[in-house]
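What follows is each chain in one-letter form.
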Amino acid sequence: MDILQHTFGRYQNEKVTEITLVNDNGVEVSCLTMGAIWHRFAVPENDGTKKNLLLSFDGIDDYYSNNQNICKSIGRVAGRIKGASYDLNGKHYQLPANENGNTLHGGPNGFSTLNWNYSTSISKNGISVIFQRKIDQEMDGFPGNILATIIYTLNNNNRVTIAYSAMNGKEDTLFNPTCHAYFNLSDRRDLTTHEMQINSTGILDVNNQMIPTGEVLSVANTPYDFRDFSNVALAVGKVHGLDTAYVVNGPGQGTKPVAVLRDRESGRQITVNSDRNGLVVYTPEEIADQNMSFSRDHGEPANKNEGIALECQMLPDAIHQDNFGDIVLPRYSKQTYRFSFTYDRIKNED
Ligand SMILES: OC[C@H]1O[C@H](O[C@H]2[C@H](O)[C@@H](O)[C@H](O)O[C@@H]2CO)[C@H](O)[C@@H](O)[C@@H]1O
């Protein structure tokens, strides 16, 4: 196992460092201090090369010149908070709005906008990069001062575990982070050979601002049905891009399997585990004006729906819904969310 560190670039006058974890199988996970971005997930190929399974950019500016949150850490709260406000303990809290009067993905100054401090560690459980920031309420507009920690760990079973925790100070706050990694497991610049299976029978109904109505809709007889493996590009085509919150397992002890994404052509496969009750599946359909070109595009403009984001989290807008789970982080307490992404190959019997 090995850990490498080098300067990736500068963003807004700050140094951005890339930290690379390498396991005994030659699998590499790289992260950037800026946005605690998951930059690369590279796996060895038979010809000695490595294949990056994530949509990545070559330069740090590229990550911040579009609104797709490519591979960034998202917090304090993933998804939308209706009306950029909520009531708690008899108090009304107003948050910074950044989309249609709602707060999306932690607002304009969320986790993704911070350059994180980091350290590294090697233990019997794997190799880790540990990002940490003290976030005061003046910084992101959420109440309460938290100490936020994001730990990426790679083990020798090719599993990447991301643990997000927040230690809260003297005021109750909200905590529902996610990883906005986009995957493309294939050698193509589209999802045509991808199949996906999600352990979910229901998706959230949303209004025209993508705010959940509170209703859960059955996936049966819809393009959203991934209870059995189903082709991703066909579903994406039918619904003009996926942007869908699946109801998955409730908060449990440890992580449970929620989804598998696999590429039929190459045999590459990722299994997603989560200890939360939501999985937002998103493919970027509206990118025509965003001037994006991923590392894998070799200078060509990115295609719409070139990758798929699998975002583990508590269900969006949980603070306004009775049955979406608890995202309140009480004062003087700590909460940890754990998600993992395990790489392997499709077995013959699949
Ligand atoms: O405004 C930027 C994009 O915002 C949305 O996309 C987000 C999506 O709704 C979320 O569910 C997902 O977690 O993150 C996406 C990117 O931040 C819009 O739907 C999309 O059309 C916009 O381009």
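Computed from a predicted model, the values in this text were never measured in an experiment.

On to the environment of His320, then. With respect to the secondary-structure elements, His320 resides in the loop between β26 (308-313) and β27 (328-329). Sequence separation of His320 and Lys82 is 238 residues, and the distance between their C-alpha atoms is 7.7 Å. In contact with His320, other than residues within four places in its own chain, are Ile81, Lys82, Ser85 and Tyr86. Among the polar contacts listed, one links the side chain of His320 to the backbone oxygen of Ser85, at a separation of 2.8 Å.

Taken together, Asn67, Gln68, Asn69, Arg80, Glu99, His105, His180, Asp243, Val280, Tyr282, Glu286 and Glu311 make up the full set of residues adjacent to the ligand. At a separation of 2.5 Å, an oxygen atom of the ligand approaches a polar side-chain atom of Asp243. Within the side chain of Glu286, an N or O atom sits 3.3 Å from an oxygen atom of the ligand. Here the ligand loses 84% of its free accessible area of 470 Å² to cover by the protein chains. Residue composition of the shell around the ligand, grouped by class: two nonpolar, five polar and five charged.

Let us now look at the sheet that holds strand β25 (residues 278-282). One open sheet holds the six strands; their spatial order is β17-β26-β25-β22-β19-β20, and the pairing between them is antiparallel. The sheet terminates laterally at β17 (182-183) and β20 (212-218), the two strands that pair on one side only. Both strand β19 (residues 202-206) and strand β22 (residues 243-247) contribute to a ladder of two bridges, which runs antiparallel. From the neighbouring strand, Ile203 faces β22, where its bridge partner is Tyr246.

Let us now look at the packing of aromatic side chains. For the structure shown, the criterion picks out 15 aromatic pairs. Both rings, one in Tyr337 and one in Phe339, keep their centres 6.4 Å apart while their planes meet at 85°; by these two values the pair is edge-to-face. Counting every residue linked through ring pairs, the aromatic cluster contains Trp38, Phe41, Phe131, Tyr152, Phe183 and Phe341. Over the ring of Tyr337 we find Arg276, and its NZ or CZ is 3.7 Å from the ring centre.

Let's shift gears to the nonpolar core. Formed by 99 residues in total, the largest nonpolar core has its most connected members in Trp38, Phe41, Ile60, Phe183 and Leu279. The biggest single contributor to this core is strand β13 (residues 146-154), with five residues.

As recorded in UniProt, the sites labelled "active site" (unreviewed entry) are His180 and Glu311. In summary, the annotated positions, though distributed over 132 residues, converge in three dimensions, the widest C-alpha pair being only 5.8 Å. Relative to the helices and strands, His180 is located in the loop between β16 (178-179) and β17. Overall, His180 belongs to the buried group, its relative accessible area being 3%. When near neighbours in sequence (up to four residues on either side) are disregarded, His180 contacts Gln68, Asn69, Ile70, Cys71, Lys72, Ile74, His105, Tyr282, Ala309 and Glu311. Position of Glu311 among the secondary structure elements: in strand β26. You can call Glu311 buried: its relative accessible area is 2%. What Glu311 contacts, discounting residues up to four positions off in sequence, is His105, Thr178, Cys179, His180, Gly278, Leu279, Val280 and Tyr282. Only 3.5 Å separates the side chain of Glu311 from the side chain of His180, close enough to count as a polar contact.

Here the focus is the pattern of salt bridges. In the structure shown here, the tally under the stated rule is 19 salt bridges. Note that Lys51 and Asp187 form a salt bridge whose closest N and O atoms lie 3.3 Å from each other. One end of the pair, Lys51, is in strand β5 (residues 50-52); the other, Asp187, is in the loop between β17 and β18 (194-198), and 136 residues separate them in sequence. Its relative accessible area of 16% is what places Lys51 among the buried residues. Given the relative accessible area of 53%, Asp187 is considered exposed. It is possible to trace a salt-bridge network through shared partners that takes in Glu45, Lys51, Asp187, Arg268 and Arg345.

Outside of glycine, negative phi angles account for most residues, and trans bonds account for most peptide bonds. In the segment running from Gly75 into Arg76, the intervening peptide bond is cis, with an omega of 0°. Take Arg76: it is sitting in the loop between β6 (73-74) and β7 (80-81). Although it is not a glycine, Asn158 sits at a positive phi angle of roughly 65°.

Attention shifts here to the confidence of the model for the protein chain. In low-pLDDT segments, the atomic positions of the prediction should not be examined closely. When pLDDT is averaged along the protein chain, the result is 96, and 97% of the positions lie at 70 or above. Predicted complex, confidence summary: ipTM 0.94, pTM 0.97.

As judged from the nine bridges shared by strand β1 (residues 2-11) and strand β2 (residues 14-22), these two strands associate in the antiparallel manner. Residue pairing in the sheet places Tyr11 in a bridge with Glu14 of β2. In this antiparallel pair of consecutive strands, β1 and β2, the connection spans two residues, and Gln12 shows a positive phi of 45°.

Reading the values: rules and limits
Residues numbered from 1 in each chain as written. Predicted model: local features only at pLDDT ≥ 70, side-chain atom pairs only at ≥ 80, totals over all residues. Heavy atoms only, no water. Helix = DSSP H or I, 4+ residues; strand = E, 2+ residues; numbered from the N terminus. Contact = heavy atoms within 4.5 Å. Polar contact = N/O pair within 3.5 Å; in protein donor to acceptor, adjacent residues only side chain to side chain. Near = heavy atom within 4 Å. Areas by Shrake-Rupley, 256 points an atom, 1.4 Å probe, with all protein chains shown as cover. Nonpolar A, V, L, I, M, F, W, Y, C, P; charged D, E, K, R; others polar. Pairing = 2+ DSSP bridges. Phe/Tyr/Trp six-rings, centres within 6.5 Å; stacked < 30°, edge-to-face > 60°. Lys NZ or Arg CZ within 6 Å of the ring centre and 35° of its normal. Core = buried A, V, L, I, M, F, W, Y, C linked by side-chain atoms within 4.5 Å. Buried < 20%, exposed > 50% of the residue type's maximum accessible area, 1.4 Å probe, protein only. UniProt positions renumbered as here; feature names shortened; annotations may be inferred. Salt bridge = Lys/Arg side-chain N within 4 Å of Asp/Glu carboxyl O. pLDDT = per-residue confidence, 0-100.

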